[in-house]
Amino acid sequence: MEGKINRDRLKLLSQLGPGVFWLGFFFVIPILLILTYSFYQFSDGVMQKALTMENYIRAVTQHLYFKIFTKSLWYGVVVTSLCLLIGYPCAYFLARTKYKRKEILFLALIVPFWTSIVVRTYAWKVLLGTNGLINHFFVELGIIEFPIRFLYTEKAVFIGLIHVFLPFMILPLYASIEKIEQHLEEAAQDLGANRIKTFLRVDLPLSLPGISTGCLLVFILTVGSYITPDLLGGPSEIMISNVIQKEYYVSFNWPFGSSLAMLLLFIILALIMFYNRIFKLEKITGA
Amino acid sequence: MSQIDIELRDVTKRFGDVVAVDNVSLNIEKGEFFALLGPSGCGKTTILRMISGFEKPTEGDVYIAGELMTRVPAFRRPTNLVFQQLSLFPHMSVFKNIGFGLEMKRTPREKIKKAVYEMLELVELEGFAERRIHQLSGGQQQRVAIARALVNHPTVLLLDEPLGALDLKLRNQMQLELKRIQREVGTTFIYVTHDQGEALTMSNRIAVMNNGIIEQIGESDNIYENPQTVFVANFIGETNLIEGRISSLDQIKAVITSKDLPISVSLQKGLNKGQNAFISVRPEKIRIGEQLSGLENIYSGIVEEAIYHGELTIYTISIENRHRLTVKVQNVDMKGSYPQGTRLQIGWKIENGIVITEDGNG
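Residues numbered from 1 in each chain as written. Chains lettered and ligands numbered in written order. Predicted model: local features only at pLDDT ≥ 70, side-chain atom pairs only at ≥ 80, totals over all residues. Heavy atoms only, no water.

Taken as a whole and assessed by the stated rule, the structure comprises 21 salt bridges over all chains. One salt bridge in this structure joins Lys-71 of chain A and Glu-237 of chain A, with 3.8 Å as the shortest N-O distance. A residue pair is termed long-range when its members are at least 10 positions apart, and Lys-71 of chain A in helix α3 (residues 63–96) and Glu-237 of chain A in the loop between α11 (227–233) and α12 (240–249) qualify at 166 residues. Overall, Lys-71 of chain A belongs to the partly exposed group, its relative accessible area being 23%. Owing to a relative accessible area of 12%, Glu-237 of chain A belongs among the buried residues under this scheme. Here Arg-143 of chain B and Glu-177 of chain B are joined by a salt bridge, their closest N and O atoms 2.7 Å apart. Of the two residues, Arg-143 of chain B sits in helix α4 (residues 138–150) while Glu-177 of chain B sits in helix α5 (residues 168–185), which places them 34 residues apart along the sequence. The class of Arg-143 of chain B is buried, set by a relative accessible area of 11%. Overall, Glu-177 of chain B belongs to the buried group, its relative accessible area being 10%. Within the structure, one salt-bridge network assembled from shared partners comprises Glu-124, Arg-143, Glu-177, Arg-180 and Glu-184 of chain B. (Salt bridge = Lys/Arg side-chain N within 4 Å of Asp/Glu carboxyl O. Helix = DSSP H or I, 4+ residues; strand = E, 2+ residues; numbered from the N terminus. Buried < 20%, exposed > 50% of the residue type's maximum accessible area, 1.4 Å probe, protein only.)

For helix α7 (residues 154–179) of chain A, built from 26 residues, the straight-helix expectation of 38 Å at 1.5 Å per residue is met to within 8% by its first-to-last C-alpha distance of 37 Å. Roughly 45° is the biggest bend found in α7 of chain A, and it falls at Phe-165 of chain A, with proline Pro-167 of chain A one to four residues downstream. (Expected span 1.5 Å × (residues − 1). Bend = angle between axes of the 7 residues up to and from the residue.)

Before going further, it helps to spend a moment on the environment of Glu-215 of chain B. Residue and element names in this part refer to chain B. Assignment of secondary structure puts Glu-215 in strand β10 (residues 213–219). Overall, the relative accessible area of 19% leaves Glu-215 in the buried class. Taking the C-alpha atoms as reference points, Glu-215 and Met-69, 146 residues apart in sequence, are found 25 Å from one another. Of the polar contacts made by the side chain of Glu-215, one reaches the side chain of Thr-229; its length is 2.7 Å. (Polar contact = N/O pair within 3.5 Å; in protein donor to acceptor, adjacent residues only side chain to side chain.)

In this section: the sheet that holds strand β11 (residues 240–249) of chain B. The pairing of strands in a sheet comes from backbone hydrogen bonds and takes either a parallel or an antiparallel form. Residues and elements named next belong to chain B. Pairing within the open sheet is antiparallel, and its five strands lie in the order β13-β12-β11-β14-β20. Whereas interior strands pair on both sides, the edge strands pair on one side only; in this sheet they are β13 (261–266) and β20 (354–357). Ignoring strand direction, the axes of neighbouring strands in this sheet form an average angle of 45°. Bridge count for β11 against strand β14 (residues 276–281) is six bridges, and the pairing is antiparallel. (Pairing = 2+ DSSP bridges. Axes fitted to C-alpha atoms, helices over the stretch in contact; angles between N-to-C directions.)

Attention shifts here to the interface of chain A and chain B. Facing 16 residues of chain A, the contacting portion of chain B comprises 23 residues. Both sides of the chain A and chain B interface together cover about 1,800 Å² of buried area, and 62% of this is carbon and sulfur. In terms of surface lost to chain B, no three residues of chain A exceed Asp-190, Leu-191 and Arg-201 of chain A, which account for 40% of the buried area on that side. Our enumeration of links across chain A and chain B arrives at two salt bridges. The closest approach of N and O atoms between Arg-201 of chain A and Glu-103 of chain B, which form a salt bridge, is 2.5 Å. For the interface between chain A and chain B, the tally reads six residue pairs in polar contact (both at pLDDT 80 or more). Looking at the side of chain A that touches chain B, the elements with two or more residues in it are α8 (182–190) and α9 (195–206) of chain A. Looking at the side of chain A that touches chain B element by element, the count peaks at seven residues for α8 of chain A. (Contact = heavy atoms within 4.5 Å. Buried area = accessible area lost by both parts, 1.4 Å probe.)

All names here are of chain A. Two numbers describe how α3 lies on helix α13 (residues 254–279): the axes approach to 12 Å, and their chain directions differ by 40°. When the interaxial angle is binned, α3 and α13 end up oblique. As for the relative orientation of α3 and α13, their crossing is right-handed in sense. Listed contacts from α13 to Tyr-65, Phe-69 and Leu-73 of α3 are Phe-256, Leu-260, Leu-263, Leu-264, Ile-267 and Leu-271. Of the residues assigned to the contact of α3 with α13, the class counts are nine nonpolar, no polar and no charged. (Parallel < 35°, antiparallel > 145°, perpendicular 65-115°, else oblique. Left-handed = near helix turned anticlockwise from the far one by under 90°. Nonpolar A, V, L, I, M, F, W, Y, C, P; charged D, E, K, R; others polar.)

It is worth stressing that arrangement in space is one thing and function is another; only the former is reported here.
Here it is in structure tokens:
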């Protein structure tokens, strides 16, 4: 008996060990470090190991940071909604198409992952510039008289973020739409539901797990995004991650940067818990 | 004349090069329990899907209650389908599932409630309204599927092998249940199945299909007793098929000679001397040993195999060293059992040999 229990423990340890080690070393310890830094003082351009709340007080009381936080969350909401609107038809098409070479369509979806986000974002810079390809085209075609200013505006940031995060919406959506048996749609139609009603009463509720996962992924990624607003947004369109980065690498104010990072983490955690209440995530991931 | 509920006029359905349904015409009367019977891939499900509106005929027209359905989409047709996979909505309760059709018709809530509870009573699922679909057994899900379709009072209820997934005992029980429900509501049922036993026990009329065409339509007993094609004779029940040539005809009977063995059959219209023909003799219609006097066809044979099945024994008997026949004998008493190798006389009545001519007209 004794030996068996020990063996079971050893087995459990060997299975859990690597994962726990990984999480502990690369996630828990760094977070704890940042949490500690966020309570340190910053004076004379260096971090002092004296505990203080002033970083948090500054982050919460200064209007600028509040504005950037809400803006980041707002971007998250907008980009997530647009990704859902664009992604759902794509995912539905992918799941239902009778096209024989489905893998090519998937390749088209996944290939962008093989290219660095920086490169892809620079590509948008070329496309969206005032003398860029898109404006050039529109002017040549006579659709517009003068080039539209995309670059360094909200529009450019939205376009760039949607482009980068759309696959994270489409893939979970595809997975859950594909699982909906097509004869359920036929059953709804047989019972008198037209296409719209069939969608609203059958497809939509049954793809809720995909919608919920996709939205969560895109929202978190968007709120924490850094490169896209940096390259396409310019100084007026910075998001919270850009501010944190500047605190660390421009002002070298690690304590304040850390407190902003911790605040971001807690806001997102709180939102996820709220979201969880609505969508019952554990049910979705469990099923 | 009774009212026609479903009419198929020269309906053909092609999928690419494959002809699934080949120029089928069909009338189904109001209140009938009609079975479409055939092996898988014979086109029976395609016919059902054309009636329900999920497939469009390549040629020909479908009429329901006298109205042309060609341009009517599935969701507006007065039909309801019980799917092979049942297709109950997994995210809804039993109540919501059954009420779905009425909800789509914007029926007031009170009426829906009343209708759903009536249906639950009809299919004997009182008290299950708030259950989730996955909490039900196979047989219960079956009942919900039927209730969900029937609650809409369709002109025709279409059933696509709905009992396929059930085990034998439950299946037999549900067959009787379906029969009862059909009697109670009086709706026209079209029942697709590949199980000939199911078709025979449940339906008033059967259409036997093969390779996209209807081989024979008729009342259940008629299909069994008078198969008009070789396919029907083989597909419905078991039979002995003997191929031969019509050697003589007189006022009352025809004689078909097969491997020099003359076999008498009742005279039918359309038989010509020299014509090729099959004779179908059902195994239970062949008598063995005693009481053979007065039978037109008597042959001597030898028992090649005797398999005891409890209530009956199935013999394989070689007659005159030319034909091997299957014979089913009821074990009324054990005296009449014949072991392998027994020489005996067998025979059958003239009218029990059904003639099937090459072109399929009996």
